[in-house]
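Summary of structural features
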Amino acid sequence: SKKYCAPVGRQRHPFRRESSTCKTLCRLLETMLARGRRGYQTSAKALNYCVELVQERDVERYLCNLSAPAAVRPALFALHAFNLETARVRSSTREPQIARMRFVWWRSTVTAALRGEPPDNPVAQALAGAAAGGGLTGRFFHQMLEAREDDVDTTQPADRAELLRYCERTAGSLLHLSLEAPAREG
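Report on the accompanying structure. In this text, all values refer to a predicted model and were calculated from it rather than measured experimentally. (Residues numbered from 1 in each chain as written. Predicted model: local features only at pLDDT ≥ 70, side-chain atom pairs only at ≥ 80, totals over all residues. Heavy atoms only, no water.)

1. Quick notes on the overall build of the chain
Within the chain, the regular secondary structure consists of eight helices and zero strands. Taken from N to C terminus, the helices and strands of the chain fall in the order α-α-α-α-α-α-α-α. A buried classification covers 41% of the 186 residues belonging to the chain. Counting contacts in the chain only where the partners sit at least 6 residues apart, residues at least 24 apart contribute 64% of the total. (Helix = DSSP H or I, 4+ residues; strand = E, 2+ residues; numbered from the N terminus. Buried < 20%, exposed > 50% of the residue type's maximum accessible area, 1.4 Å probe, protein only. Contact = heavy atoms within 4.5 Å.)

Now the structure itself:
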């Protein structure tokens, strides 16, 4: 009979207890759970706003988030709501200068949220809660914002290389942040 690892914080994996993979995963899970126990607490209202926004405007990610471990869901919904909010800046105004002003606001908002001092905005508050667990890299947020701002003046990528750079800076950054999303207890 195979001896499989006991769950760590309700998380199970199929590796043998003695394997280095098991030990690495257990350490990672313990670290993630410990990170989620401290810091800024997101209000239920802010988190519900993010969940509803993702549910309405990105059904696929909403369904994926529901299948993620419960402890990670708040961070994923915050990140995906941030993605939706920043993606719609371009289409929300015809004036490029107004769009740029909104990106300036988002840059300062992300910086404040990562410090645990978000403004009165539900997505910013949810991001602060996600960042409180540690591990979210500010560089990925700023790459997303820079790519979205560059998108204000561009209607179509000039070539495949430019399209790939845009995807890396937007969807790629979002994927990195999602992988960094800290688990929160309870």
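Here the narrative resumes.
2. Some details on helix α6 (residues 122–132)
Extensive coverage of α6 is indicated by the burial of 10 of its 11 residues. Looking only at α6, the buried set comprises Val123, Ala124, Gln125, Ala126, Leu127, Ala128, Gly129, Ala130, Ala131 and Ala132. One side-chain oxygen of the residue at the start of α6 lies 2.9 Å from the amide nitrogen of Val123, identifying that residue as Asn121. (Polar contact = N/O pair within 3.5 Å; in protein donor to acceptor, adjacent residues only side chain to side chain.)

3. So, the packing of aromatic side chains
Tallied over the entire structure, the rule returns four aromatic pairs. Geometrically, the ring pair formed by Phe82 and Phe141 is edge-to-face, given 5.3 Å between the ring centres and 75 degrees between the ring planes. Of this pair, Phe82 sits in helix α4 (residues 73–87) while Phe141 sits in helix α7 (residues 138–150), and the two are 59 residues apart along the sequence. We classify Phe82 as buried; its relative accessible area is 0%. By relative accessible area, which is 1% here, Phe141 ends up buried. Look at Trp105 and Trp106: their rings are 4.9 Å apart centre to centre, the planes differ by 80 degrees, and that puts the pair in the edge-to-face class. Exposure remark for Trp105: the relative accessible area of 36% places this residue in the partly exposed category. Aromatic ring contacts, followed pair by pair, group Phe82, Trp105, Trp106 and Phe141 into a single cluster. (Phe/Tyr/Trp six-rings, centres within 6.5 Å; stacked < 30°, edge-to-face > 60°.)

4. Notes on the pattern of salt bridges
Two side chains carrying opposite charge are able to pair once their charged atoms lie near each other. On inspection of all chains with the given rule, the structure shows seven salt bridges. A salt bridge links Glu85 to Arg88; its shortest N-O distance comes to 3.4 Å. (Salt bridge = Lys/Arg side-chain N within 4 Å of Asp/Glu carboxyl O.)

5. Here we look at the nonpolar core
With 36 residues, the main nonpolar core has Leu79, Phe82, Val123, Leu127, Phe141 and Leu177 as its most contacted residues. Elements that contribute at least two residues to this core include exactly α2 (44–57), α4, α5 (96–114), α6, α7 and α8 (160–180). The greatest single-element share of this core, amounting to eight residues, is contributed by α4. Other than its neighbours up to four places away in sequence, Phe141 contacts Leu79, Phe82, Val110, Leu114, Leu127, Leu136 and Leu177. (Core = buried A, V, L, I, M, F, W, Y, C linked by side-chain atoms within 4.5 Å.)

6. Here we look at the packing of α2 against helix α3 (residues 59–67)
For the pair α2 and α3, interaxial distance at closest approach is 5 Å and the crossing angle is 130 degrees. Relative to α3, α2 is oriented oblique. For the pair α2 and α3, contact is made by Val51, Val54, Gln55 and Arg57 and by Val59, Arg61, Tyr62 and Asn65, respectively. Here the contact of α2 with α3 is built from residues that sort into four nonpolar, two polar and two charged. (Axes fitted to C-alpha atoms, helices over the stretch in contact; angles between N-to-C directions. Parallel < 35°, antiparallel > 145°, perpendicular 65-115°, else oblique. Nonpolar A, V, L, I, M, F, W, Y, C, P; charged D, E, K, R; others polar.)

7. Some remarks on the side chain of Glu85
Examined against the element boundaries, Glu85 turns out to sit in helix α4. When residues no more than four places from it in sequence are discounted, the contact partners of Glu85 are Tyr49, Leu53, Arg57, Trp106 and Val123.

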